[in-house]
Amino acid sequence: GNPPEVSGVKCAKKSCSPRPRASSGQEAVWGNVRIRRTTAEEDFVVCYNAGDQQDRYSWHIVPGRVTVARAAFLFSTVVDGVTHAAVSTRTETFSVTVTRVPFATYSDAASWRLRLVAEPFDCSTGSRFADIADSAAGTYPSEDEATFGLIRCYRPNGLAAGQRQCEAGRYSVCVSEDG
């Protein structure tokens, strides 16, 4: 299977989904394949299958590697004072702390803006749930850290008019450095 950092294409049994956007006898092109950055630079190998995907001898390595730079920002969630806590659709409020990897960028943390975007959308496209957290308000304990909260997307008695309920699923944490 794919490493957890890779999304946009899955291969199982005898086919890949979605189908290639374009193909010929020499190549297949997929759109919307993403590799999520992690805390360290990583190299990925790309493979293709020339027959039965369950036959390990049908898999071949494409020459070269895909190098993905390390992430410039890391984040953690805080729920009821607990860092790295899970956020569920029943979590009333939470905050997100964003920490910059040293020397990755040089912006002022007070200008950072945070958005949470539901997958399959990403930070460049946004989604109809992007306004769950769309905040320039935060606290700035250091020049490399900002905490955004309290983010509210659930209330036992319902949300106020204009607020949206969080949908279950994966979200991207998007940071804009220029407000």
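Quantities reported herein were computed from a predicted structural model and do not represent experimental measurements. (Residues numbered from 1 in each chain as written. Predicted model: local features only at pLDDT ≥ 70, side-chain atom pairs only at ≥ 80, totals over all residues. Heavy atoms only, no water.)

A. The arrangement of the pairing of strand E11 (residues 73-79) in detail. Buried residues dominate E11, accounting for 5 of its 7 residues. Examined bridge by bridge, E11 and strand E13 (residues 93-100) share 6 bridges and lie antiparallel to one another. By the bridge assignment, valine 78 is partnered in E13 with serine 95. Across 2 bridges, E11 lies against strand E12 (residues 82-83) in antiparallel orientation. Bridging across to E12, valine 79 finds its partner in valine 82. Two successive antiparallel strands, E11 and E12, enclose a turn made up of 2 residues, where aspartate 80 displays a positive phi of approximately 50°. (Buried < 20%, exposed > 50% of the residue type's maximum accessible area, 1.4 Å probe, protein only. Helix = DSSP H or I, 4+ residues; strand = E, 2+ residues; numbered from the N terminus. Pairing = 2+ DSSP bridges.)

B. Looking closely at the pattern of salt bridges. Tallied over the full model, the rule gives 1 salt bridge. Salt-bridge contacts for aspartate 144 lead to arginine 100; the nearest nitrogen and oxygen are separated by 2.7 Å. Here the residue aspartate 144 occupies a position in the loop between strand E16 (139-142) and strand E17 (145-152), and arginine 100 occupies one in strand E13, the gap between them amounting to 44 residues. (Salt bridge = Lys/Arg side-chain N within 4 Å of Asp/Glu carboxyl O.)

C. Just the packing of aromatic side chains, in detail. This model, assessed by the stated rule, comprises 1 aromatic pair. Geometrically, the ring pair formed by phenylalanine 73 and tryptophan 112 is edge-to-face, given 5.0 Å between the ring centres and 85° between the ring planes. Separated by 39 residues along the polypeptide, phenylalanine 73 in strand E11 and tryptophan 112 in the loop between E13 and strand E14 (113-118) bring together distant segments of the chain. The pair phenylalanine 73 / tryptophan 112 is uniform in exposure class, with both members buried. (Phe/Tyr/Trp six-rings, centres within 6.5 Å; stacked < 30°, edge-to-face > 60°.)

D. Quick look at the nonpolar core. Core analysis: the biggest nonpolar cluster contains 14 residues, and Phe94, Val96, Val98, Trp112, Leu114, Phe148 and Ile151 have the highest contact counts within it. Within the residue set of this core, elements represented by two or more residues are E11, E13, E14 and E17. Those residues within four positions of valine 98 in sequence are excluded, and the remaining contacts are Phe73, Leu74, Phe75, Trp112, Leu114, Asp144, Glu145, Ala146, Phe148 and Val175. (Core = buried A, V, L, I, M, F, W, Y, C linked by side-chain atoms within 4.5 Å. Contact = heavy atoms within 4.5 Å.)

E. Up close: the environment of serine 111. Tracing the backbone shows serine 111 in the loop between E13 and E14. What makes serine 111 partly exposed here is its relative accessible area of 26%. Each C-alpha atom of the pair serine 111 and glutamate 177 lies 6.0 Å from the other, and the pair is 66 residues apart in sequence. At 2.7 Å, the side chain of serine 111 forms a polar contact with the backbone oxygen of aspartate 108. (Polar contact = N/O pair within 3.5 Å; in protein donor to acceptor, adjacent residues only side chain to side chain.)

F. Spatial organisation of the environment of arginine 113. Considering the arrangement of structural elements, one finds arginine 113 in strand E14. Through-space distance from the C-alpha of arginine 113 to that of alanine 146 is 9.4 Å; in sequence the pair is 33 residues apart.

G. Structural detail: unusual backbone geometry. For aspartate 80, which is not glycine, the phi dihedral falls at a positive 50°. With respect to the helices and strands, aspartate 80 occurs in the loop between E11 and E12. Its relative accessible area of 74% is what places aspartate 80 among the exposed residues. With a phi close to 65°, phenylalanine 103 is a non-glycine residue in the positive phi region. Topologically, phenylalanine 103 is positioned in the loop between E13 and E14.

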